[in-house]
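The residues making up each chain are set out below.
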Amino acid sequence: MLYVANWKMNPPSLNDAKRLLKNIRTGINTGVKDKKTQIIICPPAIFLTKLGRPSSLIKFGIQNIGSKERGAFTGEISVLMAADANVEYCLVNHSERKLYFNETTRDANQKIKLCLEKRITPIFCIGESQKQFKKGKTKPALENQLKQGLKDIGIMNIKKVILAYEPLWAISSQKGAKAENPDQILGINILIRKILFGLYDQKIARETKILYGGSVAPKNAALYVKNKSIDGFLIGSASLNSFSFLNIIKNCQKN
Ligand code: 13P
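Here the structure is a predicted model, which means the values were calculated and not measured.

Peer 1: Let's hear about the packing of helix 6 (residues 138-149) against helix 8 (residues 182-199): which residues, and what values?
Peer 2: Viewed as axis vectors pointing N to C, helix 6 and helix 8 meet at an angle of 50°, and their least axial separation amounts to 10 Å. When the axis of helix 6 is compared with that of helix 8, the two are oblique. Of the two elements, helix 6 crosses helix 8, and the hand of that crossing is right-handed. Of the residues in helix 8, those touching helix 6 at T138, K139, L142, E143, L146 and K147 are I188, L191, I192, I195, L196 and L199.

Structural data, given as structure tokens:
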């Protein structure tokens, strides 16, 4: 199981970030170690090179990269810089990037290609809006995102992409957000695998890792794992508290 901590624009200082990571490391060394567990911490990029080296259990991811490799793009971080900082994973097209920074699925496609070229594993975030969900448009929304985001990426590379399904309204920062029903997540997981089968083949449909994200917490994480269709979680607010984050992992390991 993959547990991806998306710290978003938190915590406010490097010292706080170091403390949070130290508490997670300590907790893991005293009880959470397990061969099937992989933790990926995605801190704010400015802290990335200051949090120590990755270990076999804890790797680092970046929350975003620019859609161009180099050039005059004020404020952007290049994939080259991410690779130089020992980053092994990259979140791509997170819903907050789409919502607040107008990022498109075309941008996602460029970023996924850049990551793959530099041997960084892209974690491609997909998910429908509440409006699309209510109108029964989840399937076309996900299908479009997958088609455009993965356009012209050869099958050998598709295998290296991790998907993260995050329905927008389940993300804790959104007004009225609530954790999605685990049975519904199972259904959408199957739907994503069917779409992958249509676009590629059975092997891709079966073996692609699909994470779930949206208000994941110690009290609900194990419910999602029960259906065995989920390969891990993308965790926002609960990853900012080492106890909550570790308890999510512990509760899932019991299942
Ligand atoms: P929450 O876990 O706070 O709902 O955030 C989900 C998310 O956006 C992770 O990328």
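Peer 1: Tell me what's going on with the packing of aromatic side chains, and back it up with residues and numbers.
Peer 2: Evaluated as defined, the whole model comprises five aromatic pairs. Relative to Y224, the ring of Y212 has its centre 4.8 Å away and its plane inclined at 40°; by these criteria the two rings are tilted. Residue Y212 is found in strand 7 (residues 210-213), and its partner Y224 is found in helix 10 (residues 218-226); the two are separated by 12 residues along the sequence. Assigned by exposure class, Y212 and Y224 land together as buried. Y224 gets classed as buried once you look at its relative accessible area, which sits at 0%. Taken together, the aromatic side chains of Y3, Y165, Y212, Y224 and F233 make up a single cluster linked through ring pairs. For R97, the ring lying beneath its charged end belongs to F101, and the centroid distance is 4.1 Å.

Parameters at a glance
Residues numbered from 1 in each chain as written. Predicted model: local features only at pLDDT ≥ 70, side-chain atom pairs only at ≥ 80, totals over all residues. Heavy atoms only, no water. Axes fitted to C-alpha atoms, helices over the stretch in contact; angles between N-to-C directions. Helix = DSSP H or I, 4+ residues; strand = E, 2+ residues; numbered from the N terminus. Parallel < 35°, antiparallel > 145°, perpendicular 65-115°, else oblique. Left-handed = near helix turned anticlockwise from the far one by under 90°. Contact = heavy atoms within 4.5 Å. Phe/Tyr/Trp six-rings, centres within 6.5 Å; stacked < 30°, edge-to-face > 60°. Buried < 20%, exposed > 50% of the residue type's maximum accessible area, 1.4 Å probe, protein only. Lys NZ or Arg CZ within 6 Å of the ring centre and 35° of its normal.

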